Each structure stands twice: as C-alpha cells, then as structure tokens.
Amino acid sequence: MNPDPSRDVMVYQVSMIDALSGDAIGDRWTVWLGAESEGSFESEGEAVTLALQRADEHGLAAWLVRENGDTSPLSAFDM
C-alpha cells in the first residue's frame, strides 16, 4: 500500500525555525485530509489521534511523514 497525499490522511512533521534568529524552536505536526488542512499541533500524539479519527470517519488510510521523508502507515496501535 502506498500513500496518496491527494486522498489519504497525512501527518507531516515540520521543524519550526525562528525567523529572526534562525534557531530551531521545535517540531509541529500538520494533519491533512487530501488537500484540506485539518490543523497543526505541538504534539505528535494529538496529530496522530486526529488523523486516525478522520481516516476512520472517511474510510481512508492514515500516514505519518517524518521530516526526513520516511513515511509509515498509522494504525490504532500508534495512539
């Protein structure tokens, strides 16, 4: 099974950088259902929980995409 970002529920890890200093200020996780943003979260757990809920509601697969590009399927065991 391969992810389809145009259709599936995707959780992307994003490293945040301070615009003035250039210092890393932590990670955020964004959740997308196809082309629609479902939100941005400070915790991976919150993002995964929402992604799995949306995937269940819509009968779709959910995927976690790490900042380095590693992609893995999400399941209820990831909560």
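First things first, this report covers the structure right here in the doc. All values derive from a computational prediction rather than experimental measurement.

Parameters at a glance
- Numbering of residues starts from 1 in every chain and runs along the sequence as written.
- Side-chain atom pairs in this predicted model are given and counted only at pLDDT of 80 or more, local residue features only at pLDDT of at least 70, and totals for whole chains, interfaces and linings cover all residues.
- Excluded from the side-chain calculations are hydrogens and water; all other atoms, namely the structure's heavy atoms, are used.
- Going along the chain from the N terminus, every DSSP run of H or I of four or more residues is numbered as a helix, and every run of E of two or more is numbered as a strand.
- In this description, a nonpolar core means a group of buried Ala, Val, Leu, Ile, Met, Phe, Trp, Tyr and Cys residues linked to one another through side-chain atoms lying within 4.5 Å.
- Exposure classes here rest on a 1.4 Å probe applied to the protein chains alone. A residue is buried below 20% of its type maximum, exposed above 50%, and partly exposed in between.
- Contacts: residue pairs with any heavy atoms within 4.5 Å of one another.
- Any carboxyl oxygen of Asp or Glu within 4 Å of a side-chain nitrogen of Lys or Arg constitutes a salt bridge here.

1. Brief notes about the environment of Ala 55
Structurally, Ala 55 can be placed in helix 1 (residues 44-58). The sequence separation of Ala 55 and Asp 8 amounts to 47 residues, and the corresponding C-alpha distance is 7.5 Å.

2. Structural notes on the nonpolar core
Among the nonpolar cores identified, the biggest contains 16 residues, and Val 9, Val 11, Val 31, Ala 47, Ala 51, Ala 62 and Leu 74 are the most heavily contacted of them. When residues of this core are traced back to their parent elements, those giving at least two are strand 1 (9-17), strand 2 (24-33), helix 1 and strand 4 (62-65). Per-element accounting of this core gives the leading share, six residues, to helix 1. With residues up to four places along the chain from it excluded, the contact list for Ala 62 reads Val 9, Ala 51, Leu 52, Ala 55, Ser 72, Pro 73 and Leu 74.

3. What to know about the pattern of salt bridges
Summed over the entire model, instances satisfying the criterion amount to five salt bridges. Between Asp 8 and Arg 7 there is a salt bridge; the shortest N-O distance is 3.9 Å. The buried category is assigned to Asp 8, whose relative accessible area is 5%. A salt bridge links Glu 38 to Arg 54, with the shortest nitrogen-to-oxygen separation between them at 2.8 Å. Of this pair, Glu 38 sits in strand 3 (residues 36-41) while Arg 54 sits in helix 1; the two residues are 16 residues apart in sequence, bridging distant segments of the chain. One network of salt bridges, in which partners are shared, links Glu 38, Arg 54 and Glu 57.

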